[in-house]
Amino acid sequence: MKAAAHACALLPFAALLADVQADRLGADPVAELTHRTGEWALWALLACLSMTPLRRLLGRPWPLRFRRMLGLYAFFYTSLHLAIYLVLDLGGYWTQIGEDLLKRPFITVGFASWLLMLPLAATSTRTAMRHLGRRWNALHRAVYPAGILAILHFWWQVKADWREPALYGVILLVLLAARVRRGGSARTEQEQRGQRRGKQARGQ
């Protein structure tokens, strides 16, 4: 299953390389490369976030095996998206990076999203999980604001047709709602267990 998941995650990249080789990127190849890599980054990120709700829905642990892998692919495509902007879009005019970050809000929030994902990718190993302990879970909750900023980046970038970023936004909202609902249920269960233990202690 993991081999198939890797193949599916790399298929868009392979298709992109094939289109570059065959010169099938249209009249504005840089814009096409930018759009495709950003789109794949969002899909990989949303797929990563859906693994925990899917595990709860199915009552099976196997979706969690793919969560870290999908998160790394999301970072890979996000980094590729950023590299295309830096190398191909700016074309070596590095002084423009600072100006774009200050004057173009969609670039600011997109770069902020990548910065939030950077420590998550760097701490995705089992060694980092053991070393950080409970702090690992707290750190990796940054994936949610990273997702919000990524969708905001896309939303601000489009001129007129906002349907695609709106679709991503709805999906992320559903995943966030599932997490909030689960968190509330977990707290309620903990409170109920605490009340039962208190009653038992008083009975003794």
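Right above here is the structure, for reference.
Residues numbered from 1 in each chain as written. Predicted model: local features only at pLDDT ≥ 70, side-chain atom pairs only at ≥ 80, totals over all residues. Heavy atoms only, no water.

Asker: Before we move on, could you go through the overall build of the protein and cite the residues and values that matter?
Answerer: Each helix and strand in the protein was counted, giving 9 helices and 0 strands. Taken from the N to the C terminus, the helices and strands of the protein come in the order α-α-α-α-α-α-α-α-α. When each of the 204 residues of the protein is scored for burial, the buried share is 31%. In the protein, the proportion of contacts linking residues at least 24 apart, taken out of those at least 6 apart, comes to 61%. Split by element, the accessible area of the protein, about 13,100 Å² in all, is 62% carbon and sulfur. (Helix = DSSP H or I, 4+ residues; strand = E, 2+ residues; numbered from the N terminus. Buried < 20%, exposed > 50% of the residue type's maximum accessible area, 1.4 Å probe, protein only. Contact = heavy atoms within 4.5 Å. Areas by Shrake-Rupley, 256 points an atom, 1.4 Å probe, with all protein chains shown as cover.)

Asker: Any chance you could break down the nonpolar core for me, citing the residues and the numbers?
Answerer: Leu42, Leu49, Val143 and Tyr168 are the most contacted members of the largest nonpolar core, which totals 26 residues. Breaking this core down by element, the ones donating at least two residues are helix 2 (29–58), helix 3 (67–89), helix 5 (105–122), helix 8 (143–157) and helix 9 (163–203). Those residues within four positions of Leu42 in sequence are excluded, and the remaining contacts are Ala150, Ile151, Phe154 and Tyr168. Counting residues in hydrophobic clusters, the runner-up holds 8 residues, among them Ala9, Phe66, Met69 and Leu70. (Core = buried A, V, L, I, M, F, W, Y, C linked by side-chain atoms within 4.5 Å.)

Asker: Can you tell me about unusual backbone geometry, naming the residues and giving the values?
Answerer: Here Asp23, not a glycine, exhibits a phi torsion of approximately 55°, which is positive. Mapped onto the elements, Asp23 comes out in the loop between helix 1 (2–21) and helix 2. Asp23 sits in the exposed class, given a relative accessible area of 67%.

Asker: Now, about helix 3: what can you tell me, with residues and values included?
Answerer: Over its 23 residues, helix 3 runs 32 Å from end to end, which matches the ideal 33 Å to within 8%, given 1.5 Å per residue. Listing the buried residues of helix 3 in full gives Met69, Leu70, Tyr73, Ala74, Phe75, Tyr77, Thr78, His81, Leu82, Ile84 and Tyr85. Of the surrounding elements, those touching the buried residues of helix 3 are helix 1, helix 2, helix 4 (96–103), helix 5 and helix 8. One or two steps after helix 3, the chain reaches Gly91, where phi turns positive at roughly 60°. (Expected span 1.5 Å × (residues − 1).)

Asker: Any chance you could break down the packing of helix 1 against helix 2 for me, citing the residues and the numbers?
Answerer: For the pair helix 1 and helix 2, the least separation of the axes is 11 Å and the interaxial angle reads 170°. As the angle between them shows, helix 1 and helix 2 are arranged roughly antiparallel. For the pair formed by helix 1 and helix 2, the contact residues are Pro12, Phe13, Ala15, Leu16, Asp19 and Val20 on the first element and Leu33, Arg36, Thr37 and Trp40 on the second. Across the contact of helix 1 with helix 2, the residue classes tally to 7 nonpolar, 1 polar and 2 charged. (Axes fitted to C-alpha atoms, helices over the stretch in contact; angles between N-to-C directions. Parallel < 35°, antiparallel > 145°, perpendicular 65-115°, else oblique. Nonpolar A, V, L, I, M, F, W, Y, C, P; charged D, E, K, R; others polar.)

Asker: For a nonpolar patch on the surface, give the residues involved together with the corresponding values.
Answerer: A surface patch of nonpolar side chains, about 460 Å² in accessible area, is lined by Met1, Leu57, Leu58 and Trp62. As for its placement among the helices and strands, Leu58 is situated in helix 2. (Patch = residues over 30% accessible without salt bridge, like charges linked within 9 Å, V, L, I, M, F, W, Y side chains within 5 Å. Salt bridge = Lys/Arg side-chain N within 4 Å of Asp/Glu carboxyl O.)

Asker: Please provide a residue-by-residue account of the side chain of His153, values included.
Answerer: Here His153 lies in helix 8. By relative accessible area, His153 is classed as buried at 14%. The residues contacting His153, other than those within four sequence positions of it, are His81, Phe106, Ile107, Val109 and Gly110.

Asker: Which residues make up the packing of helix 2 against helix 3, and what values do they have?
Answerer: How two helices sit against one another is set out by the angle between their axes and by the gap between those axes. Packing of helix 2 against helix 3 leaves a shortest axis separation of 8 Å and a crossing angle of 160°. In terms of orientation, helix 2 lies roughly antiparallel with respect to helix 3. Considering only the axes of helix 2 and helix 3, their crossing is left-handed. Along the lines of polarity and charge, the residues of the contact of helix 2 with helix 3 split into 16 nonpolar, 7 polar and 2 charged. (Left-handed = near helix turned anticlockwise from the far one by under 90°.)

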